[in-house]
Amino acid sequence: MRKVVAVLLSLILILPLCGCTFKVNSLEKGLEALVSAIGFNQQGDIFSIYIETVTVNSESSEADKKLTLTEGNGKNLADAYNDACRKTVRPFMFSHCAVAILGDGITAKRTREICRFLYNKDEINLALRFLYTDSPKELLSCETVASVAVGYDLVDALDRQSDYSGTIFKNRFYEVEAARKKAINIFTLPEFTVKNKAYEKTGSVIFRNDEPVMWLDEQETFIYSIAAGTQRNGTVLLNGKEYSIKKLETEHEFSMDKRLQTKLDINIELKGDGRPKSDIAASVSELFINSKLKGADIFLFGEIIEKKEAKIWKQIEHDYYTIYKNSQLAVTVK
């Protein structure tokens, strides 16, 4: 009899608690923490991750949204992510993540770790954009401009500027992954800087073998885009003057004697005051010289040679970067 009474008392005590649990669950049922952006950085021995989330109540109005930035720290990415997860009451949902931001402390090892982490997230969007900045935390702490999240604002700002200038970045996740798997591992990311809690795109960063090797301002980015063949029709600033690009074609010729000789012909139609074509030729040559010092084939001449000049490629592929550092470039802008 005592056992029966004990069981009944236990049920009386447990059932109200169960009711509370179900009530809490029902309150949080419609809440979703959607990741809009994710940032990564390294300072000393500490790896940091910054996850921007938009908490949406799917059972409430469109305006019922909350923006949160969660920071996690650890000795590696896994530790940092687990630390961030402990600070939130809901699991992160990555299906709406728009950008992945690399900070100035990221090394080649960390870049590879980040790419593996994102690739292993089943729900991650392979079209998310990679960006570069000094401090991802500072960038994601900026005030929102056009949307509910900084991550979405960054994509919008980049798209609008690309539409206007014609400068195209191949910085989507699948494009970066494709570049990383090639023998000449080169990819370029747009760079954003922060001032007074506002951000702006100020140039680009070129990665070789998963680490940054060259930093370009906006004009250098445009020059680089022309020579690399990623520039489209648009409006750009050269030496403080505005020009409209109406046509752009590039042709390459390669020869190999004692050293690799490259001839780059750029046929560009510019509308505006001034005669900037000689400046473009000089700037391309300067970028080429700097790229040799960094040991980075930023214009991907090696890929072009491999595709179009198989005979030359066979002579140089065994030690391409040594040969590249001693190569010469002649640029003509018509």
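Report on the accompanying structure. (Residues numbered from 1 in each chain as written. Predicted model: local features only at pLDDT ≥ 70, side-chain atom pairs only at ≥ 80, totals over all residues. Heavy atoms only, no water.)

### Concerning the pattern of salt bridges
Close approach of charged atoms allows side chains with opposite charge to pair. Counted under the stated rule, the structure contains twelve salt bridges. For Glu 113, the salt bridge identified is with Arg 110, shortest N-O distance 2.6 Å. Taken together, the positions of Glu 113 and Arg 110, both in helix H3 (residues 108-119) and three residues apart, correspond to about one turn of that helix. Its relative accessible area of 15% is what places Glu 113 among the buried residues. (Salt bridge = Lys/Arg side-chain N within 4 Å of Asp/Glu carboxyl O. Helix = DSSP H or I, 4+ residues; strand = E, 2+ residues; numbered from the N terminus. Buried < 20%, exposed > 50% of the residue type's maximum accessible area, 1.4 Å probe, protein only.)

### Structural notes on the nonpolar core
If you look at the biggest cluster of nonpolar residues, it comprises 42 residues, and the most contacted ones within it are Val 284, Phe 299, Phe 301 and Tyr 320. Not counting residues up to four positions away in its chain, the partners in contact with Tyr 320 are Ile 184, Leu 260, Asp 297, Phe 301, Gly 302 and Trp 313. In terms of nonpolar packing, the next biggest core, distinct from the first, is built from 31 residues, Val 35, Cys 97, Ala 100 and Leu 118 among them. (Core = buried A, V, L, I, M, F, W, Y, C linked by side-chain atoms within 4.5 Å. Contact = heavy atoms within 4.5 Å.)

### Section: the environment of Glu 52
In this fold, Glu 52 is placed in strand E2 (residues 46-57). According to the relative accessible area criterion, Glu 52 is buried, its value standing at 1%. Engagement of the side chain of Glu 52 in a polar contact is seen with the backbone nitrogen of Val 150, the distance being 3.0 Å. (Polar contact = N/O pair within 3.5 Å; in protein donor to acceptor, adjacent residues only side chain to side chain.)

### A short note on the pairing of strand E11 (residues 260-271)
Sheet topology note: the strand E10 (residues 241-256)/E11 ladder contains twelve bridges and is antiparallel. Looking across to E11, one finds that Ser 255 is bridged to Gln 261. Adjacent in sequence and paired antiparallel, E10 and E11 are bridged by three residues. Pairing between E11 and strand E12 (residues 328-333): six bridges, direction parallel. Bridge assignment links Thr 262 to a residue of E12, and that residue is Leu 329. (Pairing = 2+ DSSP bridges.)

Bear in mind that shape data such as this cannot, by itself, settle questions of function.
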